[in-house]
Amino acid sequence: MSKTNPSNSPRFQIDRALVSSPAFRALKTPNAVRVLLDFHSKRRWVEKTNGRRRKKQWAFVNNGELEYTYKEAEHRGMSSSVFVRALDELIAHGFIDVVETGAGVHKMKTLYSLSDRWQKWGTEEYVINKRPKKKRWRENRGFQRGHPYHPPKSRT
């Protein structure tokens, strides 16, 4: 009986070390656990080829491209403030990192990556990351100065 591709499987896998870690046990809200499980379920796997090895090995390929929108969180029963607190808690405990912030700009989504910083949580080696502040403007997005719809500031 052959195993199916983990990306297409109705199941997903979480390391036992993650669940038994002090960082996971210190999560205060159940919504943070729900969001972390959602991130792990969004992982995409491909089979690695290692020459003559017979045992299948899988590689996680979409780290840094994980999306979780406010609409998706709302659809799963979380308000935006609850979702923000869950994300902040996961970032503070080292489970996820923000790769690129969407900053609320139309059709721009925030991209996340799963992190291994949780393994050092509670030690002196732990590096604290915070969510990056939203940049109001991004290059080549929206009405920039010089665009006909970007009115000049009046000097009155």
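One can find the structure itself at the top, above this paragraph.
Quick look at the structure, then. Throughout, a residue's number is its position along its own chain's written sequence, starting from 1. Given that the model is predicted, a residue must reach a pLDDT of at least 70 before its local features are reported, and side-chain atom pairs must reach 80 or more before they are shown or counted; all residues, however, enter totals for whole chains, interfaces and linings. Side-chain descriptors were evaluated using all non-hydrogen atoms of the structure, hydrogens and water having been removed beforehand.

Attention now moves to the overall build of the protein chain. Helix and strand content of the protein chain: 5 helices and 5 strands. The way it works is that DSSP assigns letters per residue, a run of H or I at least four long becomes a helix, a run of E at least two long becomes a strand, and they are numbered from the N terminus. Along the protein chain, helices (α) and strands (β) appear in the sequence α-α-α-β-β-β-α-α-β-β when read from the amino end. Between buried and exposed lies partly exposed: a residue is buried under 20% and exposed over 50% of the maximum accessible area for its type, with that area taken using a 1.4 Å probe on protein chains only. For the protein chain, with 156 residues in total, the buried portion stands at 28%. Counted over contacts in the protein chain with a minimum sequence separation of 6, partners at least 24 positions apart contribute 57%. When checking whether two residues touch, look at their non-hydrogen atoms; a contact exists if any pair is within 4.5 Å.

Attention now goes to the side chain of Ser113. With respect to the helices and strands, the residue Ser113 is situated in strand β5 (residues 111-114). Using a relative accessible area of 13% as the deciding quantity, one classes Ser113 as buried. The residues contacting Ser113, other than those within four sequence positions of it, are Asn63, Gly64, Phe95, Ile96, Asp97 and Val99.

Glancing now at the packing of helix α3 (residues 30-41) against helix α5 (residues 80-92). Whenever a helix is involved, its axis is fitted only over the stretch in contact; in every case the axis is a line through C-alpha atoms, and angles between N-to-C directions fall within 0 to 180 degrees. The geometry of α3 relative to α5 is characterised by a closest axis approach of 8 Å and an angle of 75° between their N-to-C directions. Between α3 and α5, the crossing angle belongs to the class labelled roughly perpendicular. Facing α3, whose interface residues are Asn31, Ala32, Val35, Leu36 and Phe39, α5 presents Val82, Phe83, Ala86, Leu87, Glu89 and Leu90. Here the nonpolar group is Ala, Val, Leu, Ile, Met, Phe, Trp, Tyr, Cys and Pro; Asp, Glu, Lys and Arg are the charged ones; every other residue, Gly included, is treated as polar. Taken together, the residues that form the contact of α3 with α5 break down as 9 nonpolar, 1 polar and 1 charged. Under this scheme an angle from 65 to 115 degrees is roughly perpendicular, one under 35 degrees roughly parallel, and one over 145 degrees roughly antiparallel; angles in between are oblique.

Centres within 6.5 Å are what make two rings of Phe, Tyr or Trp a pair, Trp counting through its six-membered ring; a difference in plane orientation under 30 degrees is then read as stacked, over 60 as edge-to-face, and the rest as tilted. Throughout the structure, instances matching the rule amount to 6 aromatic pairs. Here Phe39 and Tyr112 contribute two aromatic rings whose centre-to-centre distance is 5.1 Å and whose plane-to-plane angle is 70°, an arrangement assigned as edge-to-face. You can see Phe39 sitting in helix α3 and its partner Tyr112 sitting in strand β5, a full 73 residues away along the chain. Taking the relative accessible area as the measure of exposure, Tyr112 reaches 3% and is therefore buried. Plain terms: the ring middles of Tyr70 and Phe83 are 5.2 Å apart, the flat faces sit at 85° to each other, and that makes the pair edge-to-face.

In sheet architecture, strand pairing relies on hydrogen bonds along the backbone and comes in two forms, parallel and antiparallel. Within the open sheet, the 3 strands sit side by side as β3-β5-β4. Their pairing is antiparallel. At either end of the open sheet lies a strand with only one pairing partner, and these are β3 (66-67) and β4 (96-100). Any two strands between which DSSP finds at least two bridges are classified as paired.

All right, on to the pattern of salt bridges then. The salt bridge criterion pairs a side-chain nitrogen of Lys or Arg with a carboxyl oxygen of Asp or Glu, the two atoms within 4 Å. Scanning the entire structure with this criterion turns up 6 salt bridges. Glu72 is the partner of Lys42 in a salt bridge, and the nearest nitrogen-oxygen pair spans 2.6 Å. Here Lys42, found in the loop between α3 and β1 (45-48), pairs with Glu72, found in helix α4 (residues 70-75); they are 30 residues apart in sequence, far enough to count as distant. For Lys42, a relative accessible area of 23% corresponds to the partly exposed category. Residues joined by salt bridges that share partners form a network here, namely Asp38, Lys42, Glu72 and Arg76.

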